[in-house]
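Structure at a glance
Read off the chains here:
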Amino acid sequence: MANPIQEILEKQVMTVAKAMEDKLDDEIASLEKLDEDDLEVLRERRLKQMKKMAEKKKRWMSLGHGEYSEIHSEKDFFTVVKASERVVCHFFRENWPCKVMDKHMSILAKQHIETRFVKIQAEKSPFLAERLKIVVLPTLALIKNTKVDDYMVGFNELGGKDDFSTEDLEERIARAQVIHYEGESSLKPKSTTQVRRNVRQSARSDSDSE
C-alpha cells in the first residue's frame, strides 16, 4: 500500500523541480534572443560594474579595510566610524575570551573588505565604554553610518562557549547587515531588535572626554 505522505512529498518535489526547469528554460530563451548589440550593452554594463567595484575596493583598502587593527585612542574611534560606512569594533581587555574573538575577527577582516574590523581596549576608553554601556567583555559594536545598530555581548549568542566557529560569528554579525552576506558563508558554504545609540562625535564637551 502506497504511503500517502510519501506521495505528497514526491509531488511537491516534482512541482519545485518543474518550476526551476521552467525558469531555466526562460533564461536560456532570453539569452538566445540577444543579438550582438545586446551582448555588447551587457558587456559594457558589466565592465562598468567591475570598474566601480575595483574603485570601491581601492578606497576601502586605503582606509584600513582588509585587516584587523587596534585603535589606540577614543579620538581615533570617531575618525574610523566617520570614514567607513560599516565598522565592527571589538571592545576588549587582555584576557582569553577576547583573544578568541581576535582570532575570528582577523579572519573575517580579510574576507569582508567592505567592512572595517577594529578593536579598542575598553579600560583605556572610559568615555566610550560609559556612553555605549560596555560592561561585559568581549563586546562587539556593530556600526553603520556612524551609529551602533547592534551589539554582540560575550559568547551567549554563539552557544555560550569559546569553541564557536568563525562561520557562526559571521552569521551573527550579518544579522545587523554590517557585512555583505546572502545566506552562505564566505568562508565555507553552509546549507533583533536593534538598539541604536548615536556615536557621532558631538559637542565640544564630549570632545574633551575623548
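Residues numbered from 1 in each chain as written. Predicted model: local features only at pLDDT ≥ 70, side-chain atom pairs only at ≥ 80, totals over all residues. Heavy atoms only, no water.

An unreviewed UniProt entry lists the chain under the name Thioredoxin domain-containing protein 9 homolog isoform X1, from Camelina sativa.

**Details of the nonpolar core**
Ranked by size, the top nonpolar core spans 23 residues in total, and within it Phe-77, Cys-89, Phe-91, Leu-132 and Ile-143 carry the most contacts. Contributions of two or more residues to this core are made by α3 (74–83), β2 (86–92), β3 (116–121), α5 (126–131), β4 (139–144) and β5 (147–153). Setting aside anything within four residues of it in sequence, one finds Cys-89 in contact with Phe-77, Val-118, Ile-120, Thr-139, Leu-140, Ala-141 and Ile-143. In terms of nonpolar packing, the next biggest core, distinct from the first, is built from 20 residues, Tyr-68, Met-152, Ile-173 and Ala-174 among them. (Core = buried A, V, L, I, M, F, W, Y, C linked by side-chain atoms within 4.5 Å. Buried < 20%, exposed > 50% of the residue type's maximum accessible area, 1.4 Å probe, protein only. Helix = DSSP H or I, 4+ residues; strand = E, 2+ residues; numbered from the N terminus. Contact = heavy atoms within 4.5 Å.)

**Observations concerning helix α4 (residues 96–111)**
Quick reminder: α-helices carry 3.6 residues per turn. Residues three or four places apart thus point the same way. For α4, which comprises 16 residues, the first-to-last C-alpha distance of 24 Å matches the rise-based estimate of 22 Å (1.5 Å per residue) to within 8%. Check the buried side of α4 and you find it contacts β1 (68–71), β2, β3, β4, β5 and α6 (166–174). Where α4 begins, the capping side chain belongs to Asn-95, and its oxygen is found 3.0 Å from the backbone nitrogen of Cys-98. (Expected span 1.5 Å × (residues − 1). Polar contact = N/O pair within 3.5 Å; in protein donor to acceptor, adjacent residues only side chain to side chain.)

**Quick word on the pattern of salt bridges**
Using the criterion set out here, one finds nine salt bridges in the structure. One salt bridge in this structure joins Lys-144 and Asp-149, with 3.5 Å as the shortest N-O distance. The burial state of Lys-144 is the same as that of Asp-149; both residues are buried. Where Asp-150 meets Arg-172, a salt bridge forms, and the shortest distance between an N and an O atom there is 3.0 Å. Residue Asp-150 is located in strand β5, and its partner Arg-172 is located in helix α6; the two are separated by 22 residues in the primary sequence. (Salt bridge = Lys/Arg side-chain N within 4 Å of Asp/Glu carboxyl O.)

**Description of the pairing of β4**
The side chains of a regular strand alternate between the sheet's two faces. Extensive coverage of β4 is indicated by the burial of six of its six residues. On β4, burial covers both faces: Thr-139, Ala-141 and Ile-143 on one face and Leu-140, Leu-142 and Lys-144 on the other are all buried. Judged from the six bridges that link them, β2 and β4 form a sheet pairing that is antiparallel. Looking across to β4, one finds that Val-87 is bridged to Ile-143. Of the strand pairs in this sheet, β4 and β5 are connected by six bridges, and their pairing is antiparallel. Residue pairing across strands places Ala-141 opposite Tyr-151, the latter belonging to β5. Counting the residues in the hairpin turn of β4 and β5 gives two residues, including Asn-145, whose phi is positive at 50 degrees. (Pairing = 2+ DSSP bridges.)

**Here we look at helix α2 (residues 36–62)**
Here α2 is 27 residues long and its end C-alpha atoms lie 39 Å apart, about the 39 Å a rise of 1.5 Å per residue gives. Residue Gly-64 follows α2 closely and has a positive phi angle near 100 degrees.

**As for the packing of aromatic side chains**
Summed over all chains, the structure comprises four aromatic pairs. Relative to Phe-78, the ring of Phe-77 has its centre 5.6 Å away and its plane inclined at 80 degrees; by these criteria the two rings are edge-to-face. Comparing Phe-77 with Phe-78 shows no difference in burial state: the two are buried. Across from the ring centre of Phe-92, 4.7 Å away, lies the NZ or CZ of Lys-119, which sits over that ring. (Phe/Tyr/Trp six-rings, centres within 6.5 Å; stacked < 30°, edge-to-face > 60°. Lys NZ or Arg CZ within 6 Å of the ring centre and 35° of its normal.)

**Quick look at a nonpolar patch on the surface**
Together, Val-135, Val-136 and Val-153 give the surface a local cluster of nonpolar side chains, amounting to about 260 Å² of exposed area. Position of Val-135 among the secondary structure elements: in the loop between α5 and β4. Val-135 gets classed as exposed once you look at its relative accessible area, which sits at 70%. (Patch = residues over 30% accessible without salt bridge, like charges linked within 9 Å, V, L, I, M, F, W, Y side chains within 5 Å. Areas by Shrake-Rupley, 256 points an atom, 1.4 Å probe, with all protein chains shown as cover.)

**Quick look at the packing of α4 against α6**
Packing of α4 against α6 brings their axes to within 10 Å, and their N-to-C directions diverge by 70 degrees. Here α6 runs roughly perpendicular to α4, going by the angle between their axes. Contacts from Met-101, His-104, Ile-107 and Leu-108 of α4 reach α6 at Thr-166, Leu-169, Glu-170 and Ile-173. Looking at side-chain class alone, the contact of α4 with α6 contains five nonpolar, two polar and one charged residues. (Axes fitted to C-alpha atoms, helices over the stretch in contact; angles between N-to-C directions. Parallel < 35°, antiparallel > 145°, perpendicular 65-115°, else oblique. Nonpolar A, V, L, I, M, F, W, Y, C, P; charged D, E, K, R; others polar.)

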